[in-house]
Protein chains: 2
Amino acid sequence: MYLRDLKKDIENYVGKEVTLSGWIRNHRRQKDFGFIDFSDGTDFVHMQLVYDKDSSNFENITALKNGSAIEVCGVLKESSGANQDYEVYIQSAILLGDCPDDYPLQPKAHSREFLRSIAYLRPRANLFQAVFRIRSLAAMAIHTYFQERGYIYLNAPIITGSDCEGAGEMFEVTTLPLDKIKGDVDYKKDFFGKKAGLTVSGQLQAETFATAFSKVYTFGPTFRAEDSNTKTHAAEFWMIEPEVAFCDLEGIMDIEEEMLKFVVQYVLDRAQDELAFLDKFAEKGLVEKLTTLVSSKFTRISHEDVITILKDADVKWEFEPVYGEDIAKEHERYITEYFHGPVFITNWPKDIKAFYMKQNEDGKTVAAADLEIPGVGELMGGSEREADYTKLITRMKELHMDIEEMDWYLNLRKYGSCVHSGFGMGFERLLIYLTGVDNIRDVIAYPRTPGNCEF
Amino acid sequence: MYLRDLKKDIENYVGKEVTLSGWIRNHRRQKDFGFIDFSDGTDFVHMQLVYDKDSSNFENITALKNGSAIEVCGVLKESSGANQDYEVYIQSAILLGDCPDDYPLQPKAHSREFLRSIAYLRPRANLFQAVFRIRSLAAMAIHTYFQERGYIYLNAPIITGSDCEGAGEMFEVTTLPLDKIKGDVDYKKDFFGKKAGLTVSGQLQAETFATAFSKVYTFGPTFRAEDSNTKTHAAEFWMIEPEVAFCDLEGIMDIEEEMLKFVVQYVLDRAQDELAFLDKFAEKGLVEKLTTLVSSKFTRISHEDVITILKDADVKWEFEPVYGEDIAKEHERYITEYFHGPVFITNWPKDIKAFYMKQNEDGKTVAAADLEIPGVGELMGGSEREADYTKLITRMKELHMDIEEMDWYLNLRKYGSCVHSGFGMGFERLLIYLTGVDNIRDVIAYPRTPGNCEF
């Protein structure tokens, strides 16, 4: 049986024989007895296996190596040890799959860099057992939040022929034989008969669904061919992009706040062991940070007022805050500390924001809100969308966008246009926050970054 | 409020004033009164709005056009009409977004081909309201099935540097400026420093997670650059690939059967209106087909015995059944009819199956099982994986595979190898089954096929 199933009903198994299959994470041998730290990965907490000379095949058991797969038959007992409540006294053990001494994942401290180089083995290490378990839970939390509230899950297209948002940061997708290209590229001969690339956002397609189902969300991979090697950038990452009709900027901020708290609480409720581990080894205070977030009130303040606060602050800025301009990482940090919690910064200068955002009456700002989280920076970016056909097309022309290619998107404003809003959240950025693991490469199973596409 | 929220508590709203925002699907006018078929898309069933000369702005209401977005305030009443239980008697209505007469989605029968050409509007049509609602529910059913049973959701990489399985059918992903390539391609200069493509399967990576967490599943997009224009092929589609350690072929078939029944029941329970509609307009008998599946026993029979049955059949085959060879569509159909239900065909000839499948003792077959479903054909393909290092590497060499590039995969058999099995299910193929809509282009929001990458 799997450890998870045993654990669910563990009190009923005390004194009974159980058969378990899994791997030896650590084997500590004494002369006449031994302890095996055992896991099948279905529960974060390992099971201690105990054996001694009375175990039916002591010589074989004591020879078992770290990393081996075994099947054990034994009796579950309450443990007198300090580190576990239960243990299994082995009656017999069968070696299923041996593991040589050169096994790279011996039970000792490894650097995260080294573990990345053996990404196919690192999910067996405690840190990644915790991280990928939380990743899975958080994904389910997101689906649960939206589905319970009647949102329709949309799989936005991955391959796209439109590159309006991602100019210059798009991966190209092709079946043309590259070594046969000589100068001009004949896209008519390519698979789709036109130039195609990997999506940088599913928002525009989500808007088409929001004007049919009112409440929709995407949750899928997105791509940026950005040549930056930072701890928070990956070329391939997952995004959640909800889009809601008959919902304005205030409404979408309500949803963002409620969703984030729901997801954090969902993980707090279901990953106590994992979070306790990460609190110890990844980010001290992690559990308190998450618990605090759930009960905190998110501040809402305009970009203009933020600049005023920054200007009035008794701080020597590296980048001087300026009305009408973007804010820097140091400003984000300051403002969440100033308000002791998450902050929605609203009504951004239109020139630094996207074309589709609703233009405010002042002619200078748009109805956008970025959510800044203590210790993370921007976690979500949302906005009310421009619902007015004329204003939208005028803005697109100002930005020299291809109107013709975008006629379907513009038509949403022609055929029953309505107030609608949405936001985007990078899933891995959420995971960095939830796990306290600070490098995006460590919350993605097989991270893709410049020069890195292994496994 | 949204229709979905109204519906949940509808009896309590009878006689009360409600405010709704949504779209006019159809407007039927009489001289002194009118009916508006109204929906905000949060529930499959529309709301009938009624108005007459007593409504506060009759002239404005009667002028409202199909496709327009409106906000109505009115009183909910039990309806005496045959087609609905409730209706809203309009007190006042506000036009939110007008809709010109050239609106392509007028309330009349449209061909599916035409609707594909307006894929950004078709989710507003009843057929696609049903289909994409079921798509969303089925996705949630799959996540629920696996998460409730302790599986870890893995996001397998989309961009991959390994092309072992997809030779010839892989899209290439690049940031090289194609028009500057002259003959030799210098992949060192490409984004990843090597040739990269879009994944054709996450299975191999899922195996790395299964040997850490025992029970895992992927659910993400996969790609095939196959130049085929059939009703069941798309270049971009979503796959579910569960992988389970300490589970053999019989075990994985149990999981496939249980999962499929769970998903079908989940949809039957939650999409009664949608399925009733599809039963009428897409596939007669759909609901009965699904209900029957849930209680049917899936047959398990070897490929060899299937061939014997086919040879003994009193049928003039287009393709003669042959021991040791693949079977044709007509054979799949016959065999599900023969057994009056789903059939797992097991122990396939090894030469027509993948390298990673467990080689049986007979030296001729592999421990693979394809699930054949009446009316659909192959829905899932699963197998026990070859866990023996020597057998696996020997097979890979026979097939002239690049051993070095695959060392990480091979190493899973070196470091604590264990019995493990998995399967793959194409999500869209499941949806074709669930909805009775027979073209894959109609169960994908924005389908990608040869020559087609719109929106």
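Refer to the structure presented above.
Residues numbered from 1 in each chain as written. Chains lettered and ligands numbered in written order. Predicted model: local features only at pLDDT ≥ 70, side-chain atom pairs only at ≥ 80, totals over all residues. Heavy atoms only, no water.

Novice: A description of the sheet that holds strand β8 (residues 172-174) of chain B should follow, citing residues and the corresponding values.
Specialist: Across a sheet, strands are paired by hydrogen bonds formed along the backbone, either parallel or antiparallel in direction. Spatially, six strands are ordered β7(A)-β9(A)-β8(A)-β8(B)-β9(B)-β7(B) in an open sheet, and the strand pairing comes out antiparallel. Every other strand in the sheet has two partners, leaving β7 (159-160) of chain A together with β7 (159-160) of chain B as the edge strands with one partner each. Taken together, the three bridges between strand β8 (residues 172-174) of chain A and β8(B) define a ladder with antiparallel strand orientation. Residue pairing for β8(B): A:V173 is matched across the bridge by B:V173. (Pairing = 2+ DSSP bridges. Helix = DSSP H or I, 4+ residues; strand = E, 2+ residues; numbered from the N terminus.)

Novice: Now, about the relation of the copies chain B and chain A: what can you tell me, with residues and values included?
Specialist: Look at the two chain copies: a rotation about an axis and a shift along it is all it takes to match them. With an RMSD of 0.0 Å, chain B superimposes on chain A once it is rotated by 180° and translated 0.0 Å along the axis. A rotation of that kind, with that shift, is consistent with a two-fold axis. Residues of chain B ranked by C-alpha distance from the rotation axis are headed by B:V173, positioned 2.4 Å from it. Mapped onto chain A, 99% of the interface residues of chain B are again interface residues, and the two copies thus contact each other with one and the same surface. (Least-squares fit on C-alpha atoms with pLDDT ≥ 70 in both. Contact = heavy atoms within 4.5 Å.)

Novice: Just give me the short version of the sheet that holds strand β6 (residues 152-154) of chain A, but keep the residues and values in it.
Specialist: All names here are of chain A. Within the open sheet, the eight strands sit side by side as β6-β10-β11-β16-β15-β14-β13-β12. Their pairing is mixed. Pairing within the sheet leaves two strands with one partner each, and these edge strands are β6 and β12 (299-302). The average undirected angle you get between the axes of adjacent strands in this sheet is 20°. Sheet topology note: the strand β14 (residues 365-373)/strand β15 (residues 377-384) ladder contains six bridges and is antiparallel. Across the sheet, the residue bridging to D370 is G381, located in β15. (Axes fitted to C-alpha atoms, helices over the stretch in contact; angles between N-to-C directions.)

Novice: Break down the pairing of strand β10 (residues 215-223) of chain B for me, with residues and values.
Specialist: All names here are of chain B. The element β10 is largely enclosed, with a buried count of nine among its nine residues. Pairing between strand β6 (residues 152-154) and β10: three bridges, direction parallel. In the sheet register, L154 faces β10, and the bridge partner there is T218. Here nine bridges tie β10 to strand β11 (residues 236-245), and the two strands are oriented antiparallel to one another. (Buried < 20%, exposed > 50% of the residue type's maximum accessible area, 1.4 Å probe, protein only.)

Novice: Let's hear about the interface of chain B and chain A: which residues, and what values?
Specialist: On the side of chain A, 111 residues touch chain B, which itself brings 112 residues to the contact. Between chain B and chain A, a total of about 8,800 Å² is buried, with carbon and sulfur atoms accounting for 64% of that surface. A per-residue breakdown of the area chain B buries against chain A is headed by B:L178, B:F191 and B:Y415, which together make up 9% of the total. B:K194 is the salt-bridge partner of A:E454, the closest N and O atoms lying 3.6 Å from each other. There are 43 residue pairs in polar contact (both at pLDDT 80 or more) connecting chain B and chain A. Looking at the side of chain B that touches chain A residue by residue, the class counts come to 58 nonpolar, 31 polar and 23 charged. (Buried area = accessible area lost by both parts, 1.4 Å probe. Salt bridge = Lys/Arg side-chain N within 4 Å of Asp/Glu carboxyl O. Polar contact = N/O pair within 3.5 Å; in protein donor to acceptor, adjacent residues only side chain to side chain. Nonpolar A, V, L, I, M, F, W, Y, C, P; charged D, E, K, R; others polar.)

Novice: Could you give an account of the packing of helix α7 (residues 249-270) of chain B against helix α8 (residues 272-281) of chain B, with specific residues and numbers?
Specialist: Each pair of packed helices can be described by the angle between their axes along with the distance between the axes. Residues and elements named next belong to chain B. Between α7 and α8, whose axes approach to 5 Å, the crossing angle comes to 95°. Looking at the two axes, α7 sits roughly perpendicular to α8. In contact with V267, L268, D269 and R270 of α7, α8 contributes Q272, E274 and L275. Tallied by class, residues from the contact of α7 with α8 come to three nonpolar, one polar and three charged. (Parallel < 35°, antiparallel > 145°, perpendicular 65-115°, else oblique.)

Novice: Could you give an account of the pairing of strand β1 (residues 17-29) of chain A, with specific residues and numbers?
Specialist: Residues and elements named next belong to chain A. Pairing of β1 with strand β4 (residues 69-78) involves seven bridges; the strand directions are antiparallel. By the bridge assignment for β4, W23 is matched with A69. Note that β1 and strand β2 (residues 33-39) share six bridges and pair antiparallel. Each residue of the ladder has a partner; that of N26, found in β2, is D37.

Novice: Outline a negative patch on the surface, listing residues and values.
Specialist: Residue and element names in this part refer to chain A. Taken together, the side chains of D9, E11, E78 and D85 define an acidic patch exposed on the protein surface. Its location among the elements puts E11 in helix α2 (residues 10-13). By relative accessible area, E11 is classed as exposed at 64%. (Patch = residues over 30% accessible without salt bridge, like charges linked within 9 Å, V, L, I, M, F, W, Y side chains within 5 Å. Areas by Shrake-Rupley, 256 points an atom, 1.4 Å probe, with all protein chains shown as cover. Lys, Arg positive; Asp, Glu negative; His and termini not counted. Charge placed at Lys NZ, Arg CZ, Asp CG, Glu CD.)

Novice: So, the pattern of salt bridges: which residues are in play, and what are the values?
Specialist: All names here are of chain A. A complete count under the given rule lists 50 salt bridges over all chains for this structure. We note a salt bridge from E257 to K261, for which the minimum N-O separation is 2.9 Å. Taken as a pair, E257 and K261 lie in helix α7 (residues 249-270) at a separation of four residues, close to a single helical turn. A salt bridge links K329 to E332; the nearest nitrogen and oxygen atoms lie 3.6 Å apart. Of the two residues, K329 and E332 are both situated in helix α11 (residues 329-338); the distance of three residues between them amounts to about one turn of the helix.

Novice: Outline the packing of α7(B) against helix α9 (residues 286-295) of chain B, listing residues and values.
Specialist: Residues and elements named next belong to chain B. Two numbers describe how α7 lies on α9: the axes approach to 9 Å, and their chain directions differ by 140°. It follows from the interaxial angle that α7 and α9 lie oblique. The way α7 lies across α9 gives a crossing that is left-handed. Facing α7, whose interface residues are L260, K261, V264, Q265 and L268, α9 presents V287, L290, T291, L293 and V294. Classifying every residue of the contact of α7 with α9 by side-chain character gives seven nonpolar, two polar and one charged. (Left-handed = near helix turned anticlockwise from the far one by under 90°.)

Novice: Run through the packing of aromatic side chains, naming residues and quoting values.
Specialist: This structure, assessed with the given rule, holds 61 aromatic pairs over all chains. Each member of the aromatic cluster is reached from another via a ring pair, and the members are A:Y120, A:Y446, A:F455, B:F355, B:Y356, B:W408 and B:Y409. Above the face of the A:W348 ring, A:K353 is positioned so that its terminal group lies 4.3 Å from the ring centre. Cation over ring: B:R270 sits above B:Y266, and NZ or CZ is 3.6 Å from the ring centre. (Phe/Tyr/Trp six-rings, centres within 6.5 Å; stacked < 30°, edge-to-face > 60°. Lys NZ or Arg CZ within 6 Å of the ring centre and 35° of its normal.)

Novice: Please give an account of the nonpolar core that cites residues and values.
Specialist: Buried together is how nonpolar side chains tend to be arranged in soluble globular proteins. Judged by nonpolar contacts, the single largest core of 229 residues is most densely connected at A:L260, A:F427, A:L434, B:L260, B:F427 and B:L434. Not counting chain neighbours up to four residues away, the residues in contact with A:L260 comprise A:L293, A:F298, A:L371, A:I373, A:L379, A:M380 and A:L430. With 24 residues, the next largest nonpolar core counts A:F171, A:F192, B:I158 and B:F223 among its residues. (Core = buried A, V, L, I, M, F, W, Y, C linked by side-chain atoms within 4.5 Å.)

Novice: Quick one: what's the story with helix α10 (residues 303-312) of chain A, residue by residue and with numbers?
Specialist: All names here are of chain A. Considered for burial, the residues of α10 that qualify are H303, V306, I307, I309 and L310. Summarising the axial view, the buried residues of α10 lie within an arc of 160°, below the 170-degree limit, and thus occupy one face. The exposed residues of α10 that point more than 90 degrees off its buried face are E304 and D312. Those residues of α10 that are buried are in contact with β12, α11 and β13 (343-349). (Arc of directions from axis to C-beta.)

Novice: How would you explain helix α6 (residues 203-213) of chain B if you had to name every residue and give the values?
Specialist: Because the α-helix completes a turn every 3.6 residues, residues three or four places apart line up on one side. Residue and element names in this part refer to chain B. Counting buried positions over the eleven residues of α6 gives eleven, a clear majority of the element. Looking only at α6, the buried set comprises Q203, L204, Q205, A206, E207, T208, F209, A210, T211, A212 and F213. Residue S214 follows α6 closely and has a positive phi angle near 65°.

Novice: Outline unusual backbone geometry, listing residues and values.
Specialist: All names here are of chain A. Within the chain, H340 stands out as a residue other than glycine whose phi angle is a positive 50°. Summarising the element assignment, H340 is placed in the loop between α11 and β13. According to the relative accessible area criterion, H340 is exposed, its value standing at 73%. One non-glycine residue with positive phi stands out, namely F455, at about 70°. Position of F455 among the secondary structure elements: in the segment after α14 (427-435).

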